[in-house]
Amino acid sequence: DAKTTQPTSMDCAEGRAANLPCNHSTISGNEYVYWYRQIHSQGPQYIIHGLKNNETNEMASLIITEDRKSSTLILPHATLRDTAVYYCIVRPLYNQGGKLIFGQGTELSVKP
Amino acid sequence: KAGVTQTPRYLIKTRGQQVTLSCSPISGHRSVSWYQQTPGQGLQFLFEYFSETQRNKGNFPGRFSGRQFSNSRSEMNVSTLELGDSALYLCASSLDSATQYFGPGTRLLVL
């Protein structure tokens, strides 16, 4: 079973920041938080990952709470092309090999 | 760098047949994982191959099998197809097994 809880769906206005929450209250000390997204009928796309510090790349920012029990993915200026299902996954960096356990994710709709 | 490629992209088979799907990973990636995605069950892990050896296996029946070649290309095979095997089959490659890069998938329809 997935070890994360995400809202089923969210809306965001185009050009505004999209803040996608994820709860992972049972996260272990060696587990990272990963985010992927899947645009309709395409393969999932890696977005970002982090352990405990906030992370930022060209796609998004990841904010992890100090107790690491929750995190937020931030898309700073959402566009229509960001409409997708966003998956939050927790896993060890290497011990699990290539296995990802996907939950149901959050369906983000970016509206004009 | 070229991304992960999967062939064929679409496939129609009938019950009882078998099917082989192919995945070419990103150059230099030695880990290849396979996933099945259906509307009812979502994205489920099938198995992972690393350096031609199966390293991880999900909870699927033995009808689902795979292999990896010395050039890291991978194939998965489904024998005795059932209607419930209709799905999007995704392949992902990884350099370090931590971050997965997915292909576009093969959509299989079993009639």
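Up top is the structure these notes are about.
In short, a report on the structure. (Residues numbered from 1 in each chain as written. Chains lettered and ligands numbered in written order. Predicted model: local features only at pLDDT ≥ 70, side-chain atom pairs only at ≥ 80, totals over all residues. Heavy atoms only, no water.)

**Regarding the overall build of chain B**
Line of reasoning, step 1. Counting its regular elements, chain B contains zero helices and 11 strands.
Line of reasoning, step 2. Counted from the first residue to the last, chain B has its helices and strands arranged as β-β-β-β-β-β-β-β-β-β-β.
Line of reasoning, step 3. On C-alpha atoms alone, chain B measures out to a radius of gyration of 13 Å, which is about the 13 Å that the 2.2 N^0.38 rule sets for 111 residues.
Line of reasoning, step 4. Seen through its principal axes, chain B has C-alpha atoms that stretch 35 × 25 × 25 Å.
Line of reasoning, step 5. A total of 111 residues make up chain B; the buried ones form 51% of that total.
Line of reasoning, step 6. The long-range fraction of contacts in chain B, counting pairs at least 24 apart against all pairs at least 6 apart in sequence, stands at 53%.
Line of reasoning, step 7. Just so you have it, chain B exposes about 5200 Å², and 49% of that area is on carbon and sulfur atoms.
Line of reasoning, step 8. Between the centroid of the 11 positive side chains of chain B and the centroid of its 6 negative side chains there is a distance of 5 Å. (Helix = DSSP H or I, 4+ residues; strand = E, 2+ residues; numbered from the N terminus. Rg over C-alpha atoms; globule rule 2.2 N^0.38 Å. Buried < 20%, exposed > 50% of the residue type's maximum accessible area, 1.4 Å probe, protein only. Contact = heavy atoms within 4.5 Å. Areas by Shrake-Rupley, 256 points an atom, 1.4 Å probe, with all protein chains shown as cover. Lys, Arg positive; Asp, Glu negative; His and termini not counted. Charge placed at Lys NZ, Arg CZ, Asp CG, Glu CD.)

**A short note on the packing of aromatic side chains**
Line of reasoning, step 1. Summed over all chains, the structure comprises 13 aromatic pairs over all chains.
Line of reasoning, step 2. On the basis of an interplanar angle of 70° and a centroid distance of 6.2 Å, the ring pair of phenylalanine 102 of chain A and phenylalanine 102 of chain B is categorised as edge-to-face. Here phenylalanine 102 of chain B lies in strand 10 (residues 101-102) and phenylalanine 102 of chain A lies in the loop between strand 8 (84-92) and strand 9 (106-111), a pairing that spans two chains.
Line of reasoning, step 3. Looking at phenylalanine 102 of chain A, the relative accessible area reads 8%, which means it is buried.
Line of reasoning, step 4. For the ring pair phenylalanine 47 of chain B and tyrosine 49 of chain B, a centre distance of 5.7 Å and an interplane angle of 75° mean the geometry is edge-to-face. For the pair phenylalanine 47 of chain B and tyrosine 49 of chain B, a shared accessibility class is recorded, and that class is buried. (Phe/Tyr/Trp six-rings, centres within 6.5 Å; stacked < 30°, edge-to-face > 60°.)

**Observations concerning the interface of chain B and chain A**
Line of reasoning, step 1. Taken together, the 20 residues of chain B in the interface contact 19 residues of chain A.
Line of reasoning, step 2. Taken together, the two surfaces of chain B and chain A that pack against each other cover about 1500 Å², and 54% of this comes from carbon and sulfur.
Line of reasoning, step 3. When the buried surface of chain B facing chain A is broken down by residue, Leu43, Ala98 and Phe102 of chain B rank first, second and third, together holding 33% of it.
Line of reasoning, step 4. Summed over the shared surface of chain B and chain A, the number is zero salt bridges.
Line of reasoning, step 5. Elements that contribute at least two residues to the side of chain B that touches chain A include exactly strand 4 (31-38), strand 5 (42-50), strand 6 (53-57), strand 9 (87-94) and strand 10 of chain B.
Line of reasoning, step 6. Its residues assigned to classes, the side of chain B that touches chain A comprises nine nonpolar, seven polar and four charged. (Buried area = accessible area lost by both parts, 1.4 Å probe. Salt bridge = Lys/Arg side-chain N within 4 Å of Asp/Glu carboxyl O. Nonpolar A, V, L, I, M, F, W, Y, C, P; charged D, E, K, R; others polar.)

**Description of the sheet that holds strand 3 (residues 31-38) of chain A**
All names here are of chain A.
Line of reasoning, step 1. Within the open sheet, the five strands sit side by side as 1-9-8-3-4. Their pairing is mixed. Because the sheet does not close on itself, it has two edges, and the strands there are strand 1 (9-13) and strand 4 (45-50). Between one strand axis and the next, the sheet turns by 25° as a mean value, whatever way the strands run.
Line of reasoning, step 2. With eight bridges joining them, strand 3 and strand 8 adopt antiparallel strand pairing. Bridging across to strand 8, glutamate 31 finds its partner in proline 92. (Pairing = 2+ DSSP bridges. Axes fitted to C-alpha atoms, helices over the stretch in contact; angles between N-to-C directions.)

**Some points on the state of the cysteines**
Here a disulfide denotes a covalent bond joining the sulfur atom of one cysteine to the sulfur atom of another.
Line of reasoning, step 1. Applying the stated rule across the entire model yields two disulfides over all chains.
Line of reasoning, step 2. The side chain of cysteine 22 of chain A participates in a disulfide bridge whose partner is cysteine 88 of chain A; the two sulfur atoms lie 2.1 Å from each other. Disulfide cysteine 22 of chain A-cysteine 88 of chain A: torsion about the S-S bond near -85°, hence left-handed. With a gap of 66 residues between them, cysteine 22 of chain A in strand 2 (residues 18-23) and cysteine 88 of chain A in strand 8 connect regions that are remote in the sequence. As far as burial versus exposure is concerned, cysteine 22 of chain A and cysteine 88 of chain A are alike and both buried.
Line of reasoning, step 3. Across a sulfur-sulfur distance of 1.7 Å, cysteine 23 of chain B and cysteine 91 of chain B are joined as a disulfide pair. Judged by the sign of its S-S torsion, about -45°, the cystine formed by cysteine 23 of chain B and cysteine 91 of chain B is left-handed. Of this pair, cysteine 23 of chain B sits in strand 3 (residues 19-24) while cysteine 91 of chain B sits in strand 9, placing them 68 residues apart in sequence.
Line of reasoning, step 4. The class of cysteine 23 of chain B is buried, set by a relative accessible area of 0%.
Line of reasoning, step 5. By relative accessible area, which is 0% here, cysteine 91 of chain B ends up buried.
Line of reasoning, step 6. Cysteine 12 of chain A carries a free sulfur, and the closest cysteine sulfur to it, the one in cysteine 22 of chain A, is 18 Å from it. (Disulfide = S-S within 2.5 Å.)

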